[in-house]
Amino acid sequence: MNDAIQERPGRADVIDGEAVAASVRESVTAAVGRLGEAGVTPGLATVLMSDDPASETYVRMKQRDCEQVGIESHHVEIDTDAPQSELFATIDQLNEDPAIDGILIQRPLTEGVDEPAALRRVDPEKDVDGFHPENVGRLVTGDPRFVPCTPLGVQRLLTEAGVEIPGSDVVIVGRSELVGKPLANLLLGRDDDADATVTVCHSNTEDLANHVSRADVVVVAAGVPRLVTGEMLAEGSVVIDVGINAVGEGDDRTLVGDVDYESASEVASAITPVPGGVGPMTRAMLLRNTVNAAARQAGVEIDS
Ligand SMILES: NC(=O)C1=CN([C@@H]2O[C@H](COP(=O)(O)OP(=O)(O)OC[C@H]3O[C@@H](n4cnc5c(N)ncnc54)[C@H](OP(=O)(O)O)[C@@H]3O)[C@@H](O)[C@H]2O)C=CC1
Ligand SMILES: Nc1nc(=O)c2c([nH]1)NC[C@@H]1CN(c3ccc(C(=O)N[C@@H](CCC(=O)O)C(=O)O)cc3)C=[N+]21
C-alpha cells in the first residue's frame, strides 16, 4: 500500500502531501549526509522584507525544515521602510558568501520594492526558487537547472498518486510566474514524468468549466476560495489544489483551497487536501533544490 494515498471507497482518494514531503525530506537528509562526508554543509538564506504575518510563518517553517534535515539556515530581515538599496546590498553579500548555497527572497516584498529587479539580482547558481530569468529560460528551453518548488511539488504528487502524466490532458487554472507558468512548462517537457497536453486558464478565460470538464488532471492556483467545484470536473479526474486562502475571522478562521473539496471529492478519483497537500511539498522541494545547489557549487555528485 502506497503511504501517499488514503483510499476512501466511493469518494476520491486523498493524496497525502505531508507523507510525500516526509519521504522527500528523508532523501534530502541522506544527501546532506553525503555532502557532509565531502566536507560540505549546505546553507540556505531566507530574506524577509515584509510585515505580512503569513510570510513570517512560512519563513519560520522553512527554517524549521532546514534544521530537521541538516541544512544551515540563515535569516535576514530587512525593515519595510528601508530603501531597496539595502535589500540589493544584502543580496550581493549573500551571493558572495561561500557559506550560502541557496537564497530565497520571500514574496511578496513590501510595496515600492522592484521585485523583478531583486529576483534578477540573485546569483542564478543560488536561485533555489527558480525565479531568476536565466533559470526560467532554462526551464522553457528544455534544459532546466532550478525549477520553482511548487511546480516540482505538484509534479511529484501526481507521480506518487500513480498518474500517468505523458499524454494526459492537464488543465492549470492560474498563470502566475510563481506557479501556473512554470508548472505548464515543467509538464510540457519531454520527460517520462511530463509530456502532457497542457492548457493554462486565467481570469480572462471564457468558460472555465468547459476547460476543466475535459481534463484528466486539474491543478488550481488562482487564489480564489472554492473556485473549482465538483460540478465542473470530469468523473475520475485528479485534482491538485495549490490555493491557500484564509477565510473567516477569529476562532472561525480556517484555510481553504481554490477547490471546493466536498463537492470535488464526490467526482474526482484523487484530490489533495488544504492544508496538507501542496504546501508541505513546496517546502520539501526547497530543501531538495538547496542540497542540489550546494552539490553543484562544491562539485560533488549526490544524486538527489
Ligand atoms: N501551496 C503552496 O505551496 C503555494 C500556494 N500558493 C497559493 O496559490 C494561489 C495562487 O498563487 P499565485 O499563483 O501566486 O497567485 P497570483 O494571484 O499571482 O495568480 C493567480 C492566477 O489565477 C488567475 N485567476 C484569478 N481568478 C481567476 C478566475 N476566477 N478564473 C480563472 N483564473 C483566475 C489569475 O489570472 P490573471 O493572470 O488574469 O490575473 C492569475 O493568473 C494562492 O492562493 C496562493 O496563496 C502560492 C504559492 C505556493
Ligand atoms: N520566494 C518565495 N518562494 C515561495 O515558495 C513562496 C513565496 N516566496 N511566497 C509565498 C508562497 C506561498 N508558499 C507556501 C509554502 C508552504 C506552505 C505550507 O506549508 N502550507 C501548509 C500550511 C501552512 C499553515 O498552516 O499556514 C499546508 O498547506 O499544509 C504554504 C505556502 C511559498 N511561497
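Residues numbered from 1 in each chain as written. Chains lettered and ligands numbered in written order. Predicted model: local features only at pLDDT ≥ 70, side-chain atom pairs only at ≥ 80, totals over all residues.

Let's shift gears to the site of ligand 2. Of all residues adjacent to ligand 2, which total 17 residues, the nearest are Arg107, Pro275, Gly276, Gly279 and Thr282. Those elements giving two or more residues to the shell around ligand 2 turn out to be helix H2 (53-69), strand S5 (102-105) and helix H10 (278-298). Ranked by residue count, the leading element in the shell around ligand 2 is H10, at four residues. If you count residues domain by domain, the shell around ligand 2 takes at least three from each of domain 1 (39-133) and domain 2 (148-280). (Near = placed C-beta within 6 Å. Helix = DSSP H or I, 4+ residues; strand = E, 2+ residues; numbered from the N terminus. Domains from an automatic or database assignment.)

Locating histidine 202 in the fold gives a position in the loop between strand S7 (197-201) and helix H8 (208-212). Counting along the chain gives 77 residues from histidine 202 to glutamate 125, while the straight-line C-alpha distance between them is 31 Å.

What follows covers the site of ligand 1. Taken together, 26 residues lie near ligand 1, and Gly174, Ser176, Ser203, Gly223 and Thr282 sit nearest. Within the shell around ligand 1, the residues separate by chemical class into twelve nonpolar, 13 polar and one charged. (Nonpolar A, V, L, I, M, F, W, Y, C, P; charged D, E, K, R; others polar.)

Averaged over the protein chain, the pLDDT score is 97; the fraction of residues at 70 or greater is 100%. Of the two predicted TM-score estimates for the complex, the pTM is 0.98 and the ipTM is 0.98. (pLDDT = per-residue confidence, 0-100.)

Cis geometry marks the peptide bond from arginine 107 to proline 108; its omega dihedral reads 0 degrees. In this structure, proline 108 sits in the loop between S5 and helix H4 (115-121). Here valine 274 and proline 275 are connected by a cis peptide whose omega angle stands at -5 degrees. Among the secondary structure elements, proline 275 is positioned in the loop between strand S12 (270-271) and H10. With phi around 65 degrees, aspartate 195 is a residue other than glycine that occupies positive phi space. If you trace the backbone, aspartate 195 turns up in the loop between helix H7 (180-188) and S7. The partly exposed category is assigned to aspartate 195, around which 16 C-beta atoms lie within 10 Å. Positive phi values are uncommon outside glycine, yet arginine 226 reaches one of about 55 degrees. (Buried ≥ 20, exposed ≤ 12 C-beta atoms within 10 Å, placed from the backbone.)

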